[in-house]
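Residue strings, one per chain:
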Amino acid sequence: MKAFINNTAYTVLENETILEFVRRIETNKNAIPTMCQDDRLENFGSCRVCSVEIAREQDGPTRTVASCHTPVTDGIFIYHNTDRIKKLRKNIVELVLTDYPSDKVFPEENKKATPFQETIAQIGIPDVRYPKGENHLDIETDKAHPYIKSDLAQCINCYRCVRACEEIQGEMILGMSGRGFATNIIKGFDTSFDESACVSCGACVQTCPTEALTDKFETKTLLADKTVRTTCTYCGVGCQLDVSVIDGEIKGIQAPETAEVNEGHTCLKGRFAFQFYDHPDRLREPLIKKNGKFEEVTWEEAYDFIASKMLHIKNKYGPDSIGGISSSRATNEENYLMQKMIRVGVGTNNIDGCARVCHAPTAYGMQQAFGTGAATNSIEDLKQTDAIFLFGANPIKGHPVTGAKIKQAFMKGVTSIVVDPVKTKLANLATHFLQIRPGTNVAVLNMIAYHIINENLVNEHFITSYTEKYEEFKTHVSNLNIPELEKLTGVSNEDVKQAAIAYASAERAMEFHGLGVTEHFQGSKTVMLLSNIAMMTGNIGKNGVGLNPLRGQNNVQGAADMGVQPHQGAGYMDVNKPEIQTYYAEKYGIDKMPVKEGLKIPQMLDAAIDGKIKALYIMGEDTIMTDPNTNHSIKAFEKLELIVVQELFMTATTELADVVLPAASYFEKNGTFTNGERRVQRVNKVVEPIGNSKPDGQIIIDIMDKLGYKQPTGATYNAALVIEEIADVIPFMKGLSWDRLGKNGLQWPIKEDGTDTQMLHVNGQFKKGIGTFHNFDFEESPEIVSHGQKFPFILTTGRELEHYNSGTMTRRTDNQHILNKDYLEVNPKDALKKGIKDSETVRIYSDRGSVNIPIKFSKNVKKGVLRTTFHQPEVFINLITGSVGDKETLTPEYKVVAVDFEKIE
Ligand SMILES: Nc1nc2c(c(=O)[nH]1)N[C@H]1C(S)=C(S)[C@@H](COP(=O)(O)OP(=O)(O)OC[C@H]3O[C@@H](n4cnc5c(=O)[nH]c(N)nc54)[C@H](O)[C@@H]3O)O[C@H]1N2
Ligand SMILES: Nc1nc2c(c(=O)[nH]1)N[C@H]1C(S)=C(S)[C@@H](COP(=O)(O)OP(=O)(O)OC[C@H]3O[C@@H](n4cnc5c(=O)[nH]c(N)nc54)[C@H](O)[C@@H]3O)O[C@H]1N2
Ligand SMILES: [Mo]
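Residues numbered from 1 in each chain as written. Chains lettered and ligands numbered in written order. Predicted model: local features only at pLDDT ≥ 70, side-chain atom pairs only at ≥ 80, totals over all residues. Heavy atoms only, no water.

Another aspect to go through is the sheet that holds strand E13 (residues 287-290). Strands sit in the order E14-E13-E25-E24-E23-E15-E16 across an open sheet of seven strands; the sheet is mixed. The sheet is open, and its two edges are formed by strand E14 (293-296) and strand E16 (351-352), each paired on a single side. The pairing of strand E15 (residues 322-325) with E16 spans two bridges and is parallel. What sits directly across from Ile325, in E16, is Asp352. Of the strands in this sheet, E13, E15, strand E23 (615-619), strand E24 (642-647) and strand E25 (659-662) are in contact with helix H7 (residues 299-317), which crosses E25 at around 135°. (Pairing = 2+ DSSP bridges. Helix = DSSP H or I, 4+ residues; strand = E, 2+ residues; numbered from the N terminus. Contact = heavy atoms within 4.5 Å. Axes fitted to C-alpha atoms, helices over the stretch in contact; angles between N-to-C directions.)

As structure tokens, this is what we get:
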């Protein structure tokens, strides 16, 4: 199809609007001025600033249309800069200016123009001819919210904020009220931002073309010295951020609209929670504990102390007496170096990371079923799916940008199934919600498989062509005692059947899962059953399907890829195989690699108590706060001869250390993070390291050197060079290089020529050759079997939107002004039975200990179930969690804790 711009013919792309067409041909975003239009929002066509003239024939009679929402039709003639159109635009904007502060028409000194000011300049308005009317200029500025400011006097009623709130975030906090000049945006039921149910994502601020909505950092109008694109440090979504810097300090963050992952959106942590980075509490100097007190020392002194102690312990007790815990908060390059330091510098496979307390069962279970432990598809696929099966994940809080996309899909009517013991926001919107008893995943998935088979909804072709052991699974499932499982799970068989039918009859169904699957006694088994369900319905290997773990930390996927696991080295090769040992030894330029599989974190702690582990080297984990059964962890730490911790802040873990090394935060170093869809993205240095802190990569290279191994990429940490080494060692990253990563990264496997991979196991070609079915029976958690009688409530712990894990970072930002407490969610009936009122503080106790916590009445939990989180050290919930873990991977069962609670007298 062709159409004409000023009488010249051009080819039109499918579904192009006139605005898109003209902008593309003129390669100029400003070819037509706009006001209410935002590329990320549905076209609205209300302000008419983007008007153009169109004609059926050359220089024929014209019609005026809003170009943003008018599709190009075959052969039309477009005239977008005629005198008539220019006059019309000027009139529209002048009219808007009659109700707009006169001192905001042009950019203020030392400030960048707002998009509206740019439009004014583009249209060329020297002054406003019309007198000021009755207007809304006297509306007071709302500054109650810690981050978002609204000055509605500057509102031009373009509705962009209202639409962004709904169309990007999926909230409906903002609305319009009143008519004519009195029209203005309202929040909630006309409250302040602070009182509304706003999730503080800042989408409204980013889209607002004036300063009617700004963040408190005034990021929109900052005249920054530089803006650096980097990858967010919080969850595994991997949002891209544009960080503005003035005089070497970070002043504000916006979301780049060119980012494939987050498409100009972030949550409140990515956009606003950066103030931790230069907080007075940041560690700035190395510290050694002398006579029970930390003293500042030089790097040289700290290094010498660590190296001499480590070498002494290694010589006395052997290399297996030392263990390393690496950080999923740090970069790939740093994780790679860390596992190398432990394996090559020390000579042991005792290296592990936070995947152990998180998604290790996902990696293990998916490897058993498919051959690769990572997400099969990409988030982009949400646009192509017919059904979403959300199992034990709460992305609204944990992965907010993906959560918003899932919410959009739910609201648009995609078939939606949620399985969770807690009625989450998404559960409320879902077409099917199974509110199971915590810990009964295997039972409910067996029921689902039973119904899929019974209803004849299996994909026989997929099963026979690409998988094995289906018949065993089928026989197992057909022998199930369904009424017994119904009782165990606490959900009706009919509801499960309907959910099973909904999933299996969708053309394309996508599974998402989270910690509600993995942090359980039967975690790995649940992952394998989720894999079964996908395989038996043929939901693998095409767009809009698959098994998609919502990986937790910014770089937990990457840490495992880099070899932060005791049984597999960089690139998932088994460390106990002689040919693999030879492979790594050659790559690392040493004689021989350690031969024994290493210890997992819980085993390291047990071994410390048994006197077999003598030293722990920890890079960026708050083990004491975040591992279960804190008193057990403390007991282990107290037996150690050496504890080294690289950290940003003093934590419960550093308090017990012998040496604390100040690490540079992600703003202060280069490297890469790998998100939950296997996408390796650049982390670009934004500012210099705070104080005397150093990037983890530099610290590790220095320590390796002291231990007698010289890193071949040189004595200075250089991420691009370490990537070259990684690409040489890890076969599925052969084509990885710093330059190739570009702005939006690459998804592994990355071929030698640099082509990457959006989807795994395409056309039934499983990584391990053939997909394998496994079958399991439900087994009650030992936690319930041993302690359920005495402690009759089940506590499950999860997350809040505003805070991140141990809270070290988010607690040092204004997020703490939005939420500064952990609460215990209790079904009102349970509390009232004990004579406890809403908001009272209770004592909650288990076999391990007790803590005090304020309660919050909540109908989102059934009777007998309690929910809280683990962000605030004032509560320190892991004092009561237990040591039961997933049988295969030892991932702790944070989601089933036998407890009771009582009123504090
Ligand atoms: N705001 C914020 N975001 C985060 C984090 C944070 O601390 N704060 N942490 C990051 C990290 S490390 C991770 S791993 C991810 C985690 O993100 P998610 O996996 O979403 O983690 P959770 O909220 O802990 O648990 C998910 C859901 O599992 C449910 N669940 C509990 N028990 C069961 C069960 O027996 N069966 C089923 N089907 N469901 C169950 C819970 O009720 C909860 O809704 O979030 C990441 N993102
Ligand atoms: N009760 C309960 N406990 C849980 C969970 C639960 O659901 N319930 N979830 C578990 C899960 S899934 C996880 S992943 C763990 C998370 O547990 P952790 O990994 O211990 O928690 P984080 O707060 O993410 O980060 C650890 C530390 O890294 C530091 N840090 C950040 N960036 C850097 C850096 O670049 N370099 C260095 N050296 N340090 C840095 C931070 O200051 C922080 O203290 O918690 C687990 N604990
Ligand atoms: Mo995690």
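On to the domain arrangement of the chain, then. As assigned here, the chain comprises domain 1 (2-81), domain 2 (128-278), domain 3 (287-357 + 556-726), domain 4 (377-544) and domain 5 (782-903). Computed over C-alpha atoms, the centres of domain 2 and domain 3 are 39 Å apart. Listed as interface residues are 25 residues of domain 2 and, on the opposing side, 20 residues of domain 3. Summed over both partners, the interface of domain 2 with domain 3 buries about 1,700 Å², with 59% contributed by carbon and sulfur atoms. Taken together, the links from domain 2 to domain 3 amount to one salt bridge. Its salt-bridge partner being Arg679, residue Glu260 comes within 2.9 Å of it at the nearest N-O pair. (Domains from an automatic or database assignment. Buried area = accessible area lost by both parts, 1.4 Å probe. Salt bridge = Lys/Arg side-chain N within 4 Å of Asp/Glu carboxyl O.)

All chains considered together, the criterion is met by 49 salt bridges. As a salt-bridge pair, Lys903 and Glu840 come within 3.7 Å of each other at their nearest N and O atoms. With Lys903 in strand E35 (residues 897-903) and Glu840 in the loop between helix H30 (828-833) and strand E32 (841-845), the pair connects residues that are 63 residues apart, well separated along the chain. Residue Glu902 is joined to Arg843 by a salt bridge in which the shortest nitrogen-to-oxygen separation is 2.8 Å. Placement of Glu902 in strand E35 and of Arg843 in strand E32 is noted, with a sequence separation of 59 residues between them. Residue Glu902 is classed as partly exposed on the basis of its relative accessible area, which comes to 31%. According to the relative accessible area criterion, Arg843 is partly exposed, its value standing at 27%. Bridged by salt links that share partners, the residues Lys104, Glu108, Lys111, Lys149, Glu211 and Glu218 form one connected network. (Buried < 20%, exposed > 50% of the residue type's maximum accessible area, 1.4 Å probe, protein only.)

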